[in-house]
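# Structure assessment
The primary structure of each chain is shown beneath.
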Protein chains: 2
Amino acid sequence: MAVKEPKPTINDVARIAGVSKKTVSRVINNSPLLNTATREKVEAVIAELGYVPNPQARALALRRNFLIGLIHDNPNAQTVLSVQEGMLDAMKGTEFALVVRPVDRKSPRLLSDIRHFIEQQRLYGVYVLPPVSENEDFACLCKELGCHYVRMGSARLDDEAHLVESNDREAVRDAVTYLIGLGHQRIAHLAGPAGFRSAYEREQGLREALTAAGLDLPEAGFARGNYTFESGYQAAQALLRAEPRPTAIFVANDEMAAGALHVAREMGIDVPQDLSIVGFDDTPIAAHIWPPLTTVRWPIRAMAKAAAHKLIRPDQAAEQTAFFRSEFVIRASTAPAAS
Amino acid sequence: MAVKEPKPTINDVARIAGVSKKTVSRVINNSPLLNTATREKVEAVIAELGYVPNPQARALALRRNFLIGLIHDNPNAQTVLSVQEGMLDAMKGTEFALVVRPVDRKSPRLLSDIRHFIEQQRLYGVYVLPPVSENEDFACLCKELGCHYVRMGSARLDDEAHLVESNDREAVRDAVTYLIGLGHQRIAHLAGPAGFRSAYEREQGLREALTAAGLDLPEAGFARGNYTFESGYQAAQALLRAEPRPTAIFVANDEMAAGALHVAREMGIDVPQDLSIVGFDDTPIAAHIWPPLTTVRWPIRAMAKAAAHKLIRPDQAAEQTAFFRSEFVIRASTAPAAS
DNA sequence: TTGTAAGCGTTATCAA
DNA sequence: TTGATAACGCTTACAA
């Protein structure tokens with residue numbers, strides 16, 4: 001096992017193959033105008049030496065690098081990991097690598113932290129998750145830094161080249177319409193945090209469905225959490241103490257829905273017999289709690305893959321789709337309203 | 001908003017400040033032998049221009065870079081994310097960035113994939129999670145490539161400079177001893193996948209506790225999963241159909257424990273009244289399912305932070321602790337054995 | 001089709 | 001305490 005012997009460079013390859021470095025460079029970069037014999041000779045030497053081009057030297061000469069960043073401040077761990085997997089799907093087989101960076105959206109230094117991150121590594125591009133992606137200043141910053149970016153959003157935040165968008169509002173409308181079809185008349189809403197576009201869109205979807213059915217959303221039927229289990233647990237208590245009690249709750253994400261489920265159990269309310277609960281996200285937790293959660297499957301992984309594609313090929317970004325449909329998944333946490 | 005104007009280089013700073021680039025370089029690198037006046041003059045120009053040193057050029061000149069990789073093939077999403085957070089904790093304020101890379105441990109190309117990853121980005125160091133970390137060839141590979149590494153493990157896999165280790169066996173022994181103290185005599189085990197050192201250590205911990213109490217583990221009281229919810233769900237069915245039925249199960253991780261909980265519910269077995277369940281990991285899911293899971297808190301985040309520290313300062317790696325204690329967390333999924 | 005020379009932005013060497 | 005010059009490993013002109 002050889003230890004720390006200096007790695008071969010393009011010069012070593014050139015010398016041993018008896019060609020110039022430029023020729024080796026051409027081999028590496030698959031230049032079309034190359035004699036087959038020369039190419040094979042050089043490739044043989046490359047293989048023999050185990051030569052791998054130095055990415056930093058390449059980056060310097062090309063005045064660009066092959067690093068793509070993921071910027072997020074997402075309270076939901078599973079979301080973040082699915083995003084990473086989706087991005088890496090797209091980057092597999094390319095020379096790109098994924099650099100991750102959680103940020104604190106509430107910090108006054110948010111923007112300067114992001115600036116620092118992008119500048120320090122001279123990132124080629126970044127994918128940004130909500131709610132940071134909803135910040136217009138962020139987009140300006142990327143343009144200023146000459147860094148490609150794609151934003152994830154629940155609405156038309158940007159042009160197609162810089163956006164992957166999901167149809168949250170519509171998907172929620174369908175889900176709530178389903179609840180109404182089950183005979184539910186008192187449908188409460190456990191919303192996401194104020195300032196999250198996704199929270200707003202999901203709330204609007206619910207309101208639209210209620211309005212279309214001639215139902216309303218009383219004050220006591222509305223509560224807010226911040227997308228975490230604990231906040232869902234807190235908010236659901238208020239909701240379930242209301243009189244008359246709602247027969248169904250649409251919760252803005254699965255993790256809060258799991259919290260609501262806990263509350264119901266503690267209060268002796270049977271789900272779905274006495275209360276239907278619908279979540280949003282379809283994180284693994286949705287299928288693993290009891291009863292398995294009816295929810296909306298958010299195609300975050302596909303969105304992340306598409307975003308990475310746009311970042312790898314910014315020139316083609318505008319042609320690739322930016323729109324993704326969520327899918328309603330019916331499991332066991334919903335049932336017809338008790339009569 | 002300026003767009004794509006070329007970024008200032010060290011030459012610009014030198015020219016404007018009226019010094020040589022080497023002097024600017026000295027300022028950047030906090031060289032002690034520098035006139036205060038000179039330093040301040042240069043710093044002013046740097047601030048004015050918004051100059052940020054090009055990391056690729058630095059990497060080339062220094063013949064090293066500031067990228068640390070995370071290599072994992074971990075079925076548990078939360079574990080991976082906690083690890084990332086722990087590493088980033090340690091890297092905060094440094095010039096290091098975190099590059100992530102999931103691998104497929106079953107692939108015949110595992111080692112060559114890892115080699116490719118390390119070589120392609122010329123990583124400075126990597127942190128590797130089980131079970132890949134248990135592979136001796138991997139350590140050899142890193143040495144061959146001259147890449148620093150730290151392995152995470154449930155046993156003494158390597159020397160202290162290259163390891164962060166948790167005391168799984170001991171922690172499980174304590175947990176199972178607690179079950180025995182509650183009066184349980186028929187304790188089953190839902191083990192992790194064969195070939196995982198963590199699975200082995202946890203199983204041994206259980207066996208040691210049983211032996212110490214004069215209990216045994218019948219064939220029917222042992223099943224295996226692969227650390228996923230689904231596999232736990234499958235394996236628990238076999239365990240709970242055994243006659244006589246166990247009164248407690250120690251499950252090798254939380255996610256499988258959640259699966260076991262599902263089975264119990266479907267079979268009408270009350271937890272913890274008729275069956276106690278103990279998990280391992282203390283992932284968020286443990287607190288969010290019903291009943292909240294008694295489990296062992298694995299200090300993965302602290303371990304990751306320590307690992308990143310070792311990678312950032314390999315020269316001090318051996319002096320920093322490599323040993324971490326797990327902690328038993330009693331929640332509501334355990335109760336005295338029914339008499 | 002291949003080679004030469006120059007340059008990318010930084011740090012190291014060594015002299016002043 | 002500073003600066004000139006030569007690396008670092010690669011690519012892009014531009015020639016040959």
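Residues numbered from 1 in each chain as written. Chains lettered and ligands numbered in written order. Predicted model: local features only at pLDDT ≥ 70, side-chain atom pairs only at ≥ 80, totals over all residues. Heavy atoms only, no water.

### Topic: the domain arrangement of chain A
All names here are of chain A. Heads up, the rule is: Residue ranges for the domains originate in an automatic or database domain assignment. Contacts were defined at the residue level, with two residues in contact if any of their heavy atoms lie within 4.5 Å. Put simply, buried area is the surface a 1.4 Å probe can reach on two separate parts but cannot reach once they are joined, added for both. Salt bridges are identified by distance alone: a Lys or Arg side-chain nitrogen within 4 Å of an Asp or Glu carboxyl oxygen. Under the rule applied, a polar contact is a pair of N or O atoms within 3.5 Å (in protein, one hydrogen donor and one hydrogen acceptor; residues adjacent in sequence only if both atoms are side-chain atoms). Three classes are used, and their members are as follows: Ala, Val, Leu, Ile, Met, Phe, Trp, Tyr, Cys and Pro are nonpolar, Asp, Glu, Lys and Arg are charged, and the others, Gly among them, are polar.
Domain assignment breaks chain A into domain 1 (67-166 + 300-326) and domain 2 (168-298). Computed over C-alpha atoms, the centres of domain 1 and domain 2 are 29 Å apart. In this assembly, 15 residues from domain 1 lie in contact with 20 residues from domain 2. Carbon and sulfur atoms make up 55% of the surface buried where domain 1 meets domain 2, a total of about 1,500 Å² over both sides. Counting the contacts that link domain 1 with domain 2 gives one salt bridge. Between Arg325 and Glu170 there is a salt bridge, and its shortest N-O distance comes to 2.6 Å. Linking domain 1 to domain 2 there are six residue pairs in polar contact (both at pLDDT 80 or more). Broken down by class, the residue content of the side of domain 1 that touches domain 2 amounts to six nonpolar, six polar and three charged.

### Things to note about the UniProt feature "domain: HTH lacI-type" (unreviewed entry) in chain A
The line we're drawing: UniProt positions are given in the numbering used here, feature names are shortened, and annotations may be inferred rather than shown by experiment. Put simply, DSSP H or I for four residues or longer makes a helix, DSSP E for two residues or longer makes a strand, and each gets a number counted from the N terminus.
UniProt's feature table lists "domain: HTH lacI-type" (unreviewed entry) at residues 8-62 of chain A, given in the numbering used throughout. Annotation note: span residues 8-62 of chain A, helix share 69%, strand share 0%, distance between end C-alpha atoms 20 Å.

### Here we look at the pattern of salt bridges
All names here are of chain A. For clarity, the threshold we go by: Type-normalised accessible area, obtained with a 1.4 Å probe on protein chains alone, sets the label of each residue: buried when under 20%, exposed when over 50%, and partly exposed for intermediate values.
One pass over the full model with this rule turns up 48 salt bridges over all chains. The residue Asp73 makes a salt bridge to Arg105 at a minimum N-O spacing of 3.0 Å. With Asp73 in the loop between strand E1 (67-72) and helix H5 (77-91) and Arg105 in the loop between strand E2 (97-102) and helix H6 (110-121), this residue pair connects regions lying 32 residues apart in the sequence. The class for Asp73 is buried, based on a relative accessible area of 16%.

### Comments concerning the relation of the copies chain B and chain A
The pair of chain copies shares a relation made of a rotation about an axis and a shift along it. For the record, the criterion: Our superposition of the copies is a least-squares fit, built on the C-alpha atoms of residues whose pLDDT is at least 70 in both.
Rotating chain B by 180° and moving it 0.0 Å along the rotation axis overlays it on chain A with an RMSD of 0.1 Å. What the superposition gives is, in effect, a two-fold axis relating one chain to the other.

### So, the interface of chain B and chain A
Many analyses report the size of an interface as the accessible area lost when the parts associate. Every contact between the two is made by 52 residues of chain B and, on the other side, 52 residues of chain A. Summed over both sides, the interface between chain B and chain A buries roughly 4,700 Å², with carbon and sulfur atoms accounting for 63% of that surface. For the interface between chain B and chain A, the tally reads zero salt bridges. Where chain B packs against chain A, one counts 14 residue pairs in polar contact (both at pLDDT 80 or more). Ranked by residue count, the leading element in the side of chain B that touches chain A is helix H5 (residues 77-91) of chain B, at six residues. Of the residues belonging to the side of chain B that touches chain A, the class tally is 29 nonpolar, 12 polar and 11 charged.

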